[in-house]
Amino acid sequence: MANVVLNRSMNEIVEMKNYYSGKLQDKTPPGSVFAAKTSNCTITAYKSGKVLFQGSGSEAEAGRWGQAAPKAVPAKTKAGSNGNLPAGFSQLSVIGSDEVGTGDFFGPITVVAAYVRKEDIPLLKELGVRDSKDLNDEKIIAIAKVIKDVVPFSLMTLKNEKYNQLQASGMSQGKMKALLHNQAILKVLEKISPVKPDAILIDQFVQESTYFQHVKNQKAVARENVYFSTKAEGLHLAVAAASILARYAFVQYFDKLSEAAGFRIPKGAGAQVDEAAAKLILKKGRDVLPQFVKLHFANTEKAVKLVNKKRG
Ligand code: MN
């Protein structure tokens, strides 16, 4: 059954919602503005502007709202939707993987894949493992120190110098991440062998097809057992544990960088990192930058401008 996806402005989505006012559903999926159901079509509009029409009447129904996107999405896809995970997924034995540092100007990218057996889920909950976005660094460090001996995991750290080389050679950040996730997962599979996980869940950063395109020349994990989802930390504790361990590794690396810089370097990619990078250049020279930052970020140029200004 073909689905149709339209991209519409929020004004148009509000208009649609009014049109379907008699057919709105009480239960709506996360991230949606509304869901409605006609006799032969389910309509779900998302905050992102995507409007999904599903069912035998999807083409006709989408037709009311102007030109349909020519590409119909397959009715069932694992990518990006948690609705397609096996039943009872959160209670399975799963390898989860997640990364940290991709949006930070300073510091590496750290990727961790972690294996959480179903028997260990209650213990991990007890230890406070949950979505790391709800936890501060202090708490993350405390939890990581305990779970690193409970959970088999593998850490990949892509240091700045290597990152900058790969980036300069034309590799996208998406591909770097895919390679790191793939390597981390393979290592964990090796560690736990001959035990096999029920499933592998990757916190999604690209479409599934793109991911497998990126790793096609690598030894890669069998596709059947791999699931992708955004906000995967909430779907299985293995991803939450991976995320905590990746952040722990990132924070530790960050401390080393701060020590090398001789002052506390900030996270993120805001104005404060421009200032810090300028300070670093003034202190140690521009040549050290590739060891500290992701050079292709716009922050590099901003920092250099600040330096020129300061030098007058
Ligand atoms: Mn993630």
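Everything numeric in this text was worked out from a predicted model, so none of it was measured.

Engineer: Could you clarify how one ought to interpret the pattern of salt bridges in this entry?
Structural biologist: Applying the stated criterion across every chain yields a total of eight salt bridges. The salt bridge partner of K310 is E275, with a shortest N-O separation of 3.0 Å. Note that K310 is positioned in helix α10 (residues 299–311) and E275 in helix α9 (residues 271–284), a separation of 35 residues in sequence. Given a relative accessible area of 48%, K310 falls into the partly exposed group. By sharing partners, the salt bridges in this structure join R117, E119 and D120 into a single network.

Engineer: Would you mind showing me how to read the sheet that holds strand β8 (residues 199–203) here?
Structural biologist: By way of backbone hydrogen bonds, the strands of a sheet pair with one another, either parallel or antiparallel. Ordered in space as β7-β6-β5-β8-β9, the five strands form an open sheet in which the pairing is mixed. Single-partner strands in this sheet number two, and they are β7 (153–158) and β9 (226–229). Averaged over all pairs of adjacent strands, the angle between their axes in this sheet comes to 15°, without regard to strand direction. Bridge count between strand β6 (residues 109–116) and β7: six bridges; the pairing is antiparallel. Residue pairing in the sheet places A113 in a bridge with S154 of β7.

Engineer: What is the right way to look at the coordination of the manganese ion in this model?
Structural biologist: Taken together, the protein donors to the manganese ion comprise D98 (OD) and D203 (OD), at separations of 2.0 to 2.2 Å. Of this pair, D98 sits in strand β5 (residues 94–100) while D203 sits in strand β8, placing them 105 residues apart in sequence. For D98, a relative accessible area of 4% puts it in the buried group. Overall, the relative accessible area of 11% leaves D203 in the buried class.

Engineer: Teacher, can you tell me more about the domain arrangement of the protein here?
Structural biologist: How big an interface is tends to be reported as the loss of accessible area on association of its parts. Under the domain assignment, the protein is made up of domain 1 (3–63), domain 2 (89–254) and domain 3 (262–311). Distance from the C-alpha centre of domain 2 to the C-alpha centre of domain 3: 29 Å. Contact residues are listed per partner, giving 20 residues for domain 2 and 19 residues for domain 3. For the pairing of domain 2 and domain 3, the buried interface totals around 1,700 Å² over both sides, and the portion due to carbon and sulfur atoms is 60%. When residues of domain 2 are sorted by the area they lose upon contact with domain 3, F105, F106 and F254 head the list and together hold 49% of the total. There are one salt bridge connecting domain 2 and domain 3. A salt bridge links K267 to D137; the shortest N-O distance between them is 2.6 Å. For the side of domain 2 that touches domain 3, the secondary structure elements donating two or more residues are α5 (160–168) and α8 (237–261). With five residues, the single largest contributor to the side of domain 2 that touches domain 3 is α5.

Engineer: Looking at this model, I keep getting lost on the side chain of N164. Mind explaining?
Structural biologist: In this structure, N164 sits in helix α5. Those residues in contact with N164 that sit more than four places away from it in its chain are P290, V293, K294 and L295.

Engineer: Before we go on, may I ask you to explain unusual backbone geometry in this structure?
Structural biologist: S193 connects to P194 through a cis peptide bond whose omega is 10°. By the element assignment, P194 lies in the loop between α6 (173–192) and β8. Although it is not a glycine, K231 adopts a positive phi angle of roughly 50°. If you trace the backbone, K231 turns up in the loop between β9 and α8. According to the relative accessible area criterion, K231 is exposed, its value standing at 72%.

Conventions and cut-offs
- Residues numbered from 1 in each chain as written.
- Predicted model: local features only at pLDDT ≥ 70, side-chain atom pairs only at ≥ 80, totals over all residues.
- Heavy atoms only, no water.
- Salt bridge = Lys/Arg side-chain N within 4 Å of Asp/Glu carboxyl O.
- Helix = DSSP H or I, 4+ residues; strand = E, 2+ residues; numbered from the N terminus.
- Buried < 20%, exposed > 50% of the residue type's maximum accessible area, 1.4 Å probe, protein only.
- Pairing = 2+ DSSP bridges.
- Axes fitted to C-alpha atoms, helices over the stretch in contact; angles between N-to-C directions.
- Donors = N, O, S within 2.8 Å, 3.2 Å for Na, K, Ca; no water.
- Domains from an automatic or database assignment.
- Contact = heavy atoms within 4.5 Å.
- Buried area = accessible area lost by both parts, 1.4 Å probe.

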